[in-house]
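# Understanding the architecture of this molecule
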Amino acid sequence: MTLHNGKLLALCVVTVIVLFGLQFVLPPYLTLALTRILILSVFAMGYNMLMGYTGLLSLGHAMFFAAGLYAAGLSTYYWGVTLPVAFVLGIVGAFAVSLVIGLLALRTQAVSFMIVTLMFAQAGYLMTLQFTNITGGDQGLTLPTDARSFGLFGMVVDMTSDTARFNLALLIFTVVLAVLFAITQGPLGRLFVAVRENEPRTQMLGFDTYAIKLTAFTVSGTISGTAGALYGLMFGYIGSSFAGFQNSIEALLYTLIGGPGTLLGPLLGTAVMTMLIDRLSGITTAYLIVIGVLLIVVNLWFPKGILGTIRDRWLGWLK
Amino acid sequence: MTLLRTKGLSRHFDGLKAVDGVDFALDPGEIRAIIGPNGAGKSTFVSLLSGRIKPSAGQVFFEDRDVTGMPAHKRVRMGIAYTFQITNIYGAMTVLENIAIAAQNRLRPHLFSRKPVSEVEIARAATKAAQEVGLGDLLYETAGTLAYGHQRLLEVAMGLALQPKLLILDEPTQGLSDSEIENFQEVVRRVAQSATVLLIEHNMDVVMALADRITVLDNGRVLAEGSPGEIVHNDAVQAAYLGAPA
Ligand SMILES: Nc1ncnc2c1ncn2[C@@H]1O[C@H](COP(=O)(O)OP(=O)(O)O)[C@@H](O)[C@H]1O
Ligand SMILES: [Mg+2]
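My aim in this report is to walk through the structure given alongside it, one point at a time. (Residues numbered from 1 in each chain as written. Chains lettered and ligands numbered in written order. Predicted model: local features only at pLDDT ≥ 70, side-chain atom pairs only at ≥ 80, totals over all residues. Heavy atoms only, no water.)

## Some words on the overall build of chain A
Helix and strand counts for chain A come out as 14 helices and 4 strands. At 19 Å, chain A has a C-alpha radius of gyration in line with the 20 Å of a compact globule built from 319 residues. For the C-alpha atoms alone, the extent of chain A along its principal axes is close to 55 × 45 × 45 Å. Here chain A holds 319 residues, and the buried ones make up 54% of them. For chain A, contacts bridging at least 24 residues in sequence account for 77% of all contacts bridging at least 6. For chain A, the computed accessible surface area is about 13,600 Å², with 72% contributed by carbon and sulfur atoms. (Helix = DSSP H or I, 4+ residues; strand = E, 2+ residues; numbered from the N terminus. Rg over C-alpha atoms; globule rule 2.2 N^0.38 Å. Buried < 20%, exposed > 50% of the residue type's maximum accessible area, 1.4 Å probe, protein only. Contact = heavy atoms within 4.5 Å. Areas by Shrake-Rupley, 256 points an atom, 1.4 Å probe, with all protein chains shown as cover.)

Following this line, the structure appears as structure tokens:
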């Protein structure tokens with residue numbers, strides 16, 4: 001395989017190196033904030049796969065985040081499986097949920113697709129409340145102490161250590177970034193973009209666009225669920241608010257701000273938005289209004305987001 | 001063996017019989033022109049062949065296989081390529097990327113190929129198709145910003161990159177300059193050495209220069225069929241079509 005977007009790869013490598021270095025200069029509370037940003041940007045990167053690259057706007061990605069969160073969290077909470085096993089179960093759970101929901105939701109288009117994904121997600125959210133005796137519902141569940149660390153290759157990794165959490169989050173982020181680079185910058189990614197730009201034409205060039213969309217949907221949901229599994233295990237808490245509508249909207253927001261259809265957009269969008277939300281919520285309780293206004297402004301004047309605008313104006317390879 | 005055959009092929013739009021019981025056969029290797037006045041049903045007819053729209057009645061056979069119920073993308077895989085009358089390209093992508101999607105379908109037909117062809121190979125095939133229609137200098141232009149004639153040629157290049165058995169061209173010379181038409185005729189002659197060409201064309205000079213046989217459609221029905229010489233001297237055609245001032 002030859003590499004044809006070397007510039008983007010270089011930028012990704014530099015980004016990961018800079019992120020790694022940040023832990024040595026940032027104060028602890030910012031390292032913790034960055035840990036959250038990394039995990040949530042994996043969530044947004046999954047979302048971006050579907051919305052940015054393939055042009056399918058889902059309003060229900062919290063359901064995949066929650067699928068990973070619950071599959072991982074519940075299996076360690078009830079069955080006492082080790083964290084790495086729970087993490088894998090989280091990914092498998094998210095994969096299964098996104099494949100099944102994809103098979104159903106992709107029979108609809110555009111607005112009805114948005115509504116159908118939203119309905120499925122709301123059904124999932126209500127289920128987490130319905131089965132409160134298992135999930136802990138609104139209150140959630142706090143993972144027991146023995147689920148707060150794990151041994152790997154003779155090392156003990158402690159999930160209450162900021163350093164361990166940060167580097168683990170960075171590791172997963174890097175793996176997901178590499179996988180998404182391989183997917184989006186190669187032949188498969190070309191088909192995702194082809195569907196986004198002109199689906200009927202893509203059919204007439206001999207491609208089964210339903211299969212392409214289902215692939216994008218499943219990859220997207222699985223990656224978002226990976227973020228959920230990581231989040232739950234790392235912070236030792238699972239609760240139904242993660243399955244709620246607001247979580248879906250945040251993935252959309254991060255992606256829109258950073259630049260839909262750009263590989264690094266979700267990271268940038270998540271960083272900017274979580275920092276902003278943290279600041280604003282300290283100042284005013286009405287911060288959601290500010291976010292809403294910002295969303296409208298971005299949509300009107302910068303529909304391509306930060307990196308998307310830079311790509312269109314100056315750097316064509318930033319995709 | 002016929003390459004493509006239709007039996008009683010029809011498509012109605014509400015009351016309108018756009019295509020009305022057409023029996024049609026195409027031999028491998030020929031260049032066939034379909035002519036007929038505006039609204040005769042030519043575009044609808046070839047859309048039925050490609051599977052882009054579904055027939056109200058009748059059947060389509062490709063290589064003696066009934067493909068009537070087959071979705072369009074599978075027909076493309078079987079070797080039926082269709083270029084749109086109203087240009088239908090990826091406007092935001094470059095010329096090269098547009099053709100690369102078509103080339104990829106041939107070189108890497110499965111989504112998860114075990115033996116992936118390299119991007120270089122796809123790019124090379126796409127470049128070659130672009131050069132064949134004379135777009136070799138515009139590879140990195142954004143397709144949507146091209147002149148109309150160039151967009152038409154891009155459509156043709158996308159069809160070529162599929163290396164089809166049957167290439168369907170719907171009014172490909174519309175909006176082309178004389179020199180572009182000249183070049184286009186060369187392209188079709190070259191393609192015809194390895195593929196069958198079905199050409200809807202208004203420009204009678206192009207039809208006469210290229211076609212082995214001509215089918216005349218009128219009101220959704222086949223009015224006449226024959227060699228260019230026979231068609232020119234057919235009275236019914238004269239009356240319905242050729243006689244009318246262009
Ligand atoms: N999608 C459609 N809906 C309704 N009527 C259509 C549609 N497509 C074509 N027609 C009608 O069918 C007839 C044949 O159209 P068309 O096949 O485009 O003719 P041609 O290509 O020979 O000019 C025309 O009267 C046209 O208005
Ligand atoms: Mg027409």
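## Some remarks on the pairing of strand β7 (residues 166-170) of chain B
Residue and element names in this part refer to chain B. Taken across its 5 residues, β7 has 5 buried, putting it largely inside the fold. The alternating pattern of β7 places L166, I168 and D170 on one face and L167 and L169 on the opposite face, and all of these are buried. Both strand β6 (residues 80-83) and β7 contribute to a ladder of 4 bridges, which runs parallel. Bridging across to β7, A81 finds its partner in L167. Inspection of the sheet shows β7 paired to strand β8 (residues 196-200) by 5 bridges, in the parallel sense. Note on β8: the bridge partner recorded for D170 is I200. Between β7 and its parallel partner β8, the chain crosses via helix α6 (residues 178-191), and the hand of that crossover is right-handed. (Pairing = 2+ DSSP bridges. Right-handed = clockwise from strand over helix to strand, strands pointing away.)

## Quick word on the coordination of the magnesium ion (ligand 2)
All names here are of chain B. Around the magnesium ion (ligand 2), the donor atoms from the protein are S43 (OG) and Q85 (OE1), and they sit 2.1 to 2.2 Å away. Residue S43 is found in helix α1 (residues 42-50), and its partner Q85 is found in the loop between β6 and α3 (95-107); the two are separated by 42 residues along the sequence. When its relative accessible area of 23% is taken as the criterion, Q85 is described as partly exposed. (Donors = N, O, S within 2.8 Å, 3.2 Å for Na, K, Ca; no water.)

## Examining the site of ligand 1
Residue and element names in this part refer to chain B. The immediate surroundings of ligand 1 are formed by F13, L16, A18, P37, N38, G39, A40, G41, K42, S43 and T44. In this structure, A40 approaches ligand 1 through a main-chain N or O atom, which is 3.2 Å from an oxygen atom. Relative to its free-state accessible area of 560 Å², ligand 1 is covered by the protein chains to the extent of 59%. Among the secondary structure elements, those contributing two or more residues to the shell around ligand 1 are β2 (16-26) and α1. Ranked by residue count, the leading element in the shell around ligand 1 is α1, at 3 residues. Classifying every residue of the shell around ligand 1 gives 5 nonpolar, 5 polar and 1 charged. (Near = heavy atom within 4 Å. Polar contact = N/O pair within 3.5 Å; in protein donor to acceptor, adjacent residues only side chain to side chain. Nonpolar A, V, L, I, M, F, W, Y, C, P; charged D, E, K, R; others polar.)

## A look at helix α5 (residues 148-161) of chain B
Side chains three or four residues apart in an α-helix point the same way, a direct result of the helix having 3.6 residues per turn. In this model α5 of chain B runs 20 Å from its N-terminal to its C-terminal C-alpha over 14 residues, within 8% of the 20 Å that 1.5 Å per residue would give. With respect to burial, α5 of chain B is a largely interior element, 12 of its 14 residues being buried. Along α5 of chain B, the positions that sit buried rather than exposed are G149, Q151, R152, L153, L154, E155, V156, A157, M158, G159, L160 and A161 of chain B. Elements that come into contact with the buried residues of α5 of chain B comprise α9 (199-204) of chain A together with β6, α3, α4 (119-132), β7 and α6 of chain B. At the exit of α5 of chain B stands Q163 of chain B, carrying a positive phi of roughly 45°. (Expected span 1.5 Å × (residues − 1).)

## Section: a nonpolar patch on the surface
Residues and elements named next belong to chain A. Residues Y77, Y78, W79, V85, L89, M127, F131 and I134 make up a contiguous nonpolar surface patch of about 800 Å² in total accessible area. Where the nonpolar patch is concerned, the elements lending two or more residues are α3 (62-79) and α4 (83-105). Among the elements that line the nonpolar patch, the one with the most residues is α3, at 3 residues. Residue placement: Y78 occurs in helix α3. Since its relative accessible area comes to 40%, Y78 is described here as partly exposed. (Patch = residues over 30% accessible without salt bridge, like charges linked within 9 Å, V, L, I, M, F, W, Y side chains within 5 Å. Salt bridge = Lys/Arg side-chain N within 4 Å of Asp/Glu carboxyl O.)

## Section: the packing of helix α12 (residues 265-283) of chain A against helix α13 (residues 287-301) of chain A
All names here are of chain A. At their nearest, the axes of α12 and α13 sit 9 Å apart, and the two run at 145° to each other. The chirality of how α12 crosses α13 is right-handed. Side by side, α12 and α13 meet where M273, L276, I277, L280 and S281 of the first sit next to Y287, V290, I291 and L294 of the second. (Axes fitted to C-alpha atoms, helices over the stretch in contact; angles between N-to-C directions. Left-handed = near helix turned anticlockwise from the far one by under 90°.)

## Let's talk about the environment of G93 of chain A
Residues and elements named next belong to chain A. Tracing the backbone through its elements, the reader meets G93 in helix α4. Taking the relative accessible area as the measure of exposure, G93 reaches 19% and is therefore buried. In the structure, G93 is positioned 25 residues away from G68 in sequence and 6.0 Å away in space, judged by C-alpha atoms. Discounting residues that sit within four places of it in the chain, G93 has contacts with A67 and A71.

## Brief notes about the pattern of salt bridges
Throughout the structure, instances matching the rule amount to 16 salt bridges over all chains. The residue D162 of chain A makes a salt bridge to R165 of chain A at a minimum N-O spacing of 3.1 Å. Of this pair, D162 of chain A and R165 of chain A both sit in helix α7 (residues 162-184), 3 residues apart, which is roughly one turn of the helix. Accessibility expressed as a relative area gives 31% for D162 of chain A, which makes it partly exposed. One salt bridge in this structure joins R32 of chain B and E30 of chain B, with 3.1 Å as the shortest N-O distance. By relative accessible area, which is 2% here, R32 of chain B ends up buried.

## Overview of helix α2 (residues 28-53) of chain A
Residue and element names in this part refer to chain A. With 26 residues, α2 ought to run about 38 Å at 1.5 Å a step, and its terminal C-alpha atoms sit 35 Å apart, in line with that. A bend of about 35° at Y47 is the largest found in α2. For α2, the tally of buried residues reaches 22 of 26 residues, placing the bulk of the element in the interior. (Bend = angle between axes of the 7 residues up to and from the residue.)

## Quick look at the side chain of Q185 of chain A
Residues and elements named next belong to chain A. Note that Q185 resides in the loop between α7 and α8 (187-197). Given a relative accessible area of 7%, Q185 falls into the buried group. There is a polar contact of 3.0 Å between the side chain of Q185 and the side chain of N5.

It is worth stressing that arrangement in space is one thing and function is another; only the former is reported here.
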